[in-house]
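Next come the chains, spelled out residue by residue.
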Amino acid sequence: MYEEADVTALAQLPFEQASLLEPAPRLRALQAQGPIHKIRTATGDQAWLVTGYEQVRRLLADPRLGRSHPDPCSAARTGESVLFGGPLGSYETEDADHARMRSLLQPHFTPGRMRALRPRVDALTNGLLDKLDRHDRPADLVEAVAVPLPVLVICELLGVPYQDRSRFRAWTRDVADVRDRARSERGLADLFGYGRQLVARKREHPGDDVISRLCATGGADDDEIAMLSMFLLFAGHETTVVAIGMGALMLLTNPRQRQALRDDPGMIPAAVEEMLRAPGTGGGGIPRYARADLLISGVRVRAGDLVLLDNGAANHDATMFPEPDRFDITRQAASHLTFGHGPRYCIGAPLARIELQAVFSQLIPRFPGMRLAVPAEHLTLNTGMLTAGLARLPVTW
Ligand code: HEM
């Protein structure tokens, strides 16, 4: 059990990473001590950080943990982001609200609908790689592929005009600011206002897209559709941008594995799972609030406490993934927790997988000589963001 004296010595998030490709040393040290730790978040609040694979997976599916809090103003926070820094939604109606959100969104992400999207994602990827081929060297792979592909795909899926991308990307980045609450709130208001305009337009001129289909669903009003659509716009692109960038970095720093994929493209789906599992992490993970007193691996957690289910740390738990810091496309990586687990499992996971598979199945054969144009140690992350991906990935070929 934790003693009061421990409080001053608590580890504080975010943990500093020595390398982009490995978990933070502090996180690794904590993980070696056990599966749950009292820590301080970036805002100085106390929270529990769960780092064991088995515990994170189990707690992600445990109904005694939720996203809301009975007294949101007094709740511990992870950061200033208005959507993800603290409690979300109504404590009384959380389960019903969540069930409704999933029932409205799930029909648009069925395996059949996702399969139908694959040829279009392949074609969009092909177009971006054609453009890259004509680009002067070095080129920035984040700007050339990792950003535009997920943005193009989510725009087509939702029926959002691609020419609006710089505006909505700026707002989603504002929302995701973990340090500046006012900026995050402004971003959310701008994004919601934009969503309202889109919904009004789709009511007038419906198209073959998710927003139009949501409008045609009985019982959902304009505000709810605007909110759901903007949530999808937010959840559906920045995460995938980060995953494509980190996946490319893994391959560029592991030429033998890239060669293996060139020799056997049938390994691409497994390699994508490893790209999703392997990136290093600075700690944090998926926030939840305890809805009851809990005992987690012998540690007493009180109702209302903030519990961070660190899926990145879980993906580096050596009892589940031997030699976890080694990038190995032949390992069984598909049980990673990058998309969460349980009732809130990522609705867009099949789409993200299609995008990653499209990128790497084409990039590898088309650019066999691609290499980093700067030493890997010079690469930096977009810090201060909820989804902190590579700032740039300069490559040549
Ligand atoms: C590599 C890319 C992605 C990653 C790493 C990712 C990760 C996650 C994670 C960890 C969760 C669970 C959050 C929780 O338990 O509280 C989640 C939920 C969600 N994701 Fe994704 N995601 C990705 C791509 C996408 C895409 C492309 C879409 C949509 C087009 C999407 C839509 C959603 C939605 C709607 C939820 C909420 C599910 C719920 O609360 O029931 N995601 N995502």
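The sections below set out a description of the structure shown in this document. Bear in mind that the values here come from a model prediction, so they are computed numbers and not experimental data.

1. A look at the coordination of the iron atom of the ligand
- In this structure, the iron atom of the ligand receives exactly one donor atom from the protein: Cys346 (SG), at 2.3 Å.
- Within the secondary structure, cysteine 346 sits in the loop between helix 13 (311-314) and helix 14 (349-366).

2. Quick notes on the packing of aromatic side chains
- Within the structure shown, the criterion is met by 6 aromatic pairs.
- Ring geometry for tryptophan 171 against tyrosine 194: centres 5.6 Å apart, planes inclined by 55°, an arrangement best described as tilted. Linking tryptophan 171 in helix 7 (residues 165-175) with tyrosine 194 in helix 8 (residues 181-204), this pair joins segments that are 23 residues apart in sequence.
- Relative to tryptophan 397, the ring of phenylalanine 367 lies with its centre 5.4 Å away and its plane at 85°, an arrangement referred to as edge-to-face. One end of the pair, phenylalanine 367, is in the loop between helix 14 and strand 10 (371-372); the other, tryptophan 397, is in the segment after strand 11 (394-396), with 30 residues separating them in the sequence.
- Given a relative accessible area of 2%, phenylalanine 367 falls into the buried group.
- Relative accessible area serves as the criterion here: at 16%, tryptophan 397 is assigned to the buried category.
- Of the aromatic side chains, those joined through ring pairs into one cluster are Phe168, Trp171 and Tyr194.

3. With respect to the site of the ligand
- Close contacts around the ligand come from 24 residues, with His98, Arg102, Arg288, Thr338 and Cys346 the closest.
- Take arginine 288: an N or O atom from its side chain is 2.8 Å from an oxygen atom of the ligand.
- Within the side chain of arginine 344, one N or O atom sits 3.3 Å away from an oxygen atom of the ligand.
- Sorting the residues of the shell around the ligand by element identifies helix 3 (94-105), helix 10 (222-252), strand 6 (286-290) and helix 14 as the ones contributing at least two each.
- It is helix 10 that provides the largest number of residues to the shell around the ligand, a total of 7 residues.
- Counted by class, the shell around the ligand contains 14 nonpolar, 7 polar and 3 charged residues.

4. Some words on the side chain of arginine 77
- Along the chain, arginine 77 turns up in the loop between strand 4 (65-66) and helix 3.
- One buried charged residue, arginine 77, remains without a salt bridge, the closest side chain of opposite sign being glutamate 80 at 4.5 Å.
- At 3.1 Å, the side chain of arginine 77 forms a polar contact with the backbone oxygen of glycine 79.
- Ignoring sequence-local partners within four residues, the contact set of arginine 77 consists of Thr41, Thr43, Asp45, Gly85, Gly86, Pro87, Arg181, Tyr289 and Leu306.

5. Description of the sheet that holds strand 3 (residues 46-50)
- With respect to topology, 6 strands assemble into an open sheet ordered 1-2-3-9-6-4, the strand pairing being mixed. Looking along the sheet, the strands with just one partner apiece sit at the ends: strand 1 (11-12) and strand 4.
- Pairing between strand 2 (residues 36-40) and strand 3: 5 bridges, direction antiparallel. Its bridge partner being in strand 3, arginine 40 is matched across the sheet by glutamine 46.
- Strands strand 1, strand 2 and strand 3 of the sheet are contacted by helix 1 (residues 25-33), whose axis makes an angle of about 140° with strand 2.

6. Observations concerning the sheet that holds strand 10
- An order of 5-11-10 is seen for the 3 strands of this open sheet, with the pairing classed as antiparallel. For this open sheet the edge positions go to strand 5 (139-140) and strand 10, each flanked by a neighbour on one side alone.
- Note that strand 10 and strand 11 share 2 bridges and pair antiparallel. In the sheet register, arginine 371 faces strand 11, and the bridge partner there is threonine 396.

Rules of the game
- Residues numbered from 1 in each chain as written.
- Predicted model: local features only at pLDDT ≥ 70, side-chain atom pairs only at ≥ 80, totals over all residues.
- Heavy atoms only, no water.
- Donors = N, O, S within 2.8 Å, 3.2 Å for Na, K, Ca; no water.
- Helix = DSSP H or I, 4+ residues; strand = E, 2+ residues; numbered from the N terminus.
- Phe/Tyr/Trp six-rings, centres within 6.5 Å; stacked < 30°, edge-to-face > 60°.
- Buried < 20%, exposed > 50% of the residue type's maximum accessible area, 1.4 Å probe, protein only.
- Near = heavy atom within 4 Å.
- Polar contact = N/O pair within 3.5 Å; in protein donor to acceptor, adjacent residues only side chain to side chain.
- Nonpolar A, V, L, I, M, F, W, Y, C, P; charged D, E, K, R; others polar.
- Lys, Arg positive; Asp, Glu negative; His and termini not counted.
- Salt bridge = Lys/Arg side-chain N within 4 Å of Asp/Glu carboxyl O.
- Contact = heavy atoms within 4.5 Å.
- Pairing = 2+ DSSP bridges.
- Axes fitted to C-alpha atoms, helices over the stretch in contact; angles between N-to-C directions.

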